[in-house]
Amino acid sequence: MLTRKQHELLTFIDKHLKSTGFSPSFEEMKEALQLKSKSGIHRLISALEERGFLRRRHHRARALEVVRLPDDLARPPVAEARADPAAFSPNVIKGDFSGRLAGVRSAAEVGAIQLPLYGRIAAGMAIEAIRDTATQIEVPMALLGNGEHYALEVAGDSMIDAGILDSDTVIIKRGESAENGQIVVALVDETEVTLKRLRRRGNSIALEPANRAYETRILPVDRVKVQGILIALLRRY
């Protein structure tokens, strides 16, 4: 039996994992549950781990895994699905990949697709993205939905508290709009491209890092254009 706050946190983590592919930061969890300190989040996570609802992957940034959900959320426990391979039926997100970016090669027969890797994008100081369509990366189709996608390699450490590390590869859904709080590829002054969390403040846009060593940039709306939204992250060890 979970407490109300434990239930809220587990639900929030599960939804965040499904929508982004990685677990939320402690700051995001604190804001979602309207707690005053991160120590309360630590206690809730420890309690959920002890009860077998969460698993922490140690030595990895923001590595939380939902092992099972309460019955009221109507999803079969992960542990039971793994115990009976015959009963396991994976869900695949089907997307319309026709009319994608030039040079994209479908590999649906192996459950993957080739996306263009456009070079390095700064997660610290803004740099110009290199549009090198000759370089491609294979991405599981289950990570993608409808629309056009591309990949970028991260340079810098300004998004480490969002679980995005130097040399990670981020998968971006092309688009020109984003909701407050989403991590976006932002084009600044038509020349610089950066990966930051977007916040709208009246007639201004704040590009927030996820590292206290960096400052938030606040710019007029007409100086910032959204180039895409972060939907997934790939990492090699």
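Throughout what follows, the structure given in this document is the object of discussion. Numbers given to residues run from 1 along each chain, matching the order in which its sequence is written. Confidence filtering applies because this is a predicted model: local features only for residues at pLDDT of at least 70, side-chain atom pairs given and counted only at 80 or more, and all residues used for totals across whole chains, interfaces and linings. As a convention, hydrogens and water are excluded, and side-chain values are obtained from all of the structure's heavy atoms.

### What about the pattern of salt bridges?
And step 1. Salt-bridge detection follows one rule: a side-chain nitrogen of Lys or Arg within 4 Å of a carboxyl oxygen of Asp or Glu. Per the stated rule, a full pass over the model turns up 14 salt bridges.
And step 2. With its nearest N and O atoms 3.2 Å apart, the salt bridge here joins Asp14 to Lys18. Taken together, the residues span about one helical turn, with Asp14 and Lys18 both in helix H1 (residues 4-20) at a distance of four residues.
And step 3. Accessibility here uses a 1.4 Å probe with only protein chains present; expressed as a share of the type maximum, an area under 20% marks a residue as buried, one over 50% as exposed, and anything in between as partly exposed. Accessibility expressed as a relative area gives 7% for Asp14, which makes it buried.
And step 4. Its salt-bridge partner being Asp168, residue Arg235 comes within 2.7 Å of it at the nearest N-O pair. Placement of Arg235 in the segment after strand S12 (224-234) and of Asp168 in the loop between strand S6 (149-155) and strand S7 (169-174) is noted, with a sequence separation of 67 residues between them. Strands are runs of DSSP state E lasting at least two residues, helices are runs of H or I lasting at least four, and both sets are numbered from the N terminus onward.

### A few points about the nonpolar core
It is characteristic of soluble globular proteins that their nonpolar side chains tend to be buried jointly.
And step 1. Among the buried residues, those of types Ala, Val, Leu, Ile, Met, Phe, Trp, Tyr and Cys that are joined through side-chain atoms within 4.5 Å form a nonpolar core. Formed by 18 residues in total, the largest nonpolar core has its most connected members in Leu152, Ile164, Val170, Ile172, Val185 and Leu195.
And step 2. Elements that contribute at least two residues to this core include exactly strand S4 (112-122), S6, S7, strand S8 (183-188) and strand S9 (192-201).
And step 3. Non-local contacts of Ile164, meaning those with residues more than four positions away in its chain, are made with Val154, Met159, Val170, Ile183, Leu195, Leu230, Leu233 and Arg235.
And step 4. If you look at the next biggest cluster of nonpolar residues, it comprises 15 residues, including Leu10, Ile13, Ile41 and Val66. It only takes one pair of heavy atoms within 4.5 Å for two residues to be counted as in contact.

### Focus: the pairing of S8
And step 1. Most of S8 is tucked away: six of the six residues are buried.
And step 2. Alternating residues of S8 divide into Ile183, Val185 and Leu187 and Val184, Ala186 and Val188, and every residue in both groups is buried.
And step 3. When DSSP locates at least two bridges between a pair of strands, those strands are taken to pair. Judged from the six bridges that link them, S8 and S9 form a sheet pairing that is antiparallel. Bridge pairing in S9 places Val184 opposite Lys196.
And step 4. Linking S8 to S9, which pair antiparallel, is a turn of three residues; within it Asp189 sits at a positive phi near 55 degrees.

### Let's talk about the environment of Gly145
And step 1. Mapped onto the fold, Gly145 is located in the loop between strand S5 (136-140) and S6.
And step 2. Accessibility expressed as a relative area gives 24% for Gly145, which makes it partly exposed.
And step 3. Taking C-alpha positions, Gly145 is 9.3 Å from Ile231, a pair spaced 86 residues apart along the chain.

### Topic: helix H3 (residues 38-50)
And step 1. A rise of 1.5 Å per residue sets the reference length of H3, with its 13 residues, at 18 Å; its end C-alpha atoms lie 19 Å apart and thus fit the reference within 8%.
And step 2. The secondary structure elements touched by the buried residues of H3 are H1, helix H2 (26-33), strand S1 (54-56) and strand S2 (64-66).
And step 3. Gly52 occupies a position one or two residues after H3 and carries a positive phi of about 85 degrees. Here the expected span of a helix is defined as 1.5 Å times the quantity of residues minus one.

### Examining H1
And step 1. The terminal C-alpha atoms of H1, which comprises 17 residues, lie 24 Å apart, in line with the 24 Å expected from a rise of 1.5 Å per residue.
And step 2. For H1, the set of buried residues is Gln6, Leu9, Leu10, Thr11, Ile13, Asp14, His16 and Thr20.
And step 3. Buried residues along H1 sit against H2, H3, S1, S2 and S12.
And step 4. With its phi angle positive at about 90 degrees, Gly21 sits one or two positions after the end of H1.

### Remarks on the packing of H1 against H3
And step 1. Note on geometry: axes are C-alpha line fits, over the in-contact stretch for helices, and angles between N-to-C directions span 0 to 180 degrees. Viewed as axis vectors pointing N to C, H1 and H3 meet at an angle of 85 degrees, and their least axial separation amounts to 10 Å. With respect to each other, H1 and H3 are oriented roughly perpendicular. For the pair H1 and H3, contact is made by Lys5, Gln6, Leu9 and Leu10 and by Ile41, Leu44, Ile45, Ala47 and Leu48, respectively. Angle categories: roughly parallel below 35 degrees, roughly antiparallel above 145, roughly perpendicular from 65 to 115, and oblique for all the rest.

### As for the packing of H2 against H3
And step 1. At a closest axis distance of 9 Å, the pairing of H2 and H3 adopts a crossing angle of 95 degrees. For the element pair H2 / H3, the angle class is roughly perpendicular. Each of Phe26, Glu27, Met29, Lys30 and Leu33 in H2 lies in contact with H3, whose residues at this interface are Lys38, Ile41, His42, Leu44 and Ile45.
And step 2. Note that Gly is not counted as nonpolar here; it falls among the polar residues with everything else outside the nonpolar set of Ala, Val, Leu, Ile, Met, Phe, Trp, Tyr, Cys and Pro and the charged set of Asp, Glu, Lys and Arg. Here the residues of the contact of H2 with H3 sort into six nonpolar, one polar and three charged.

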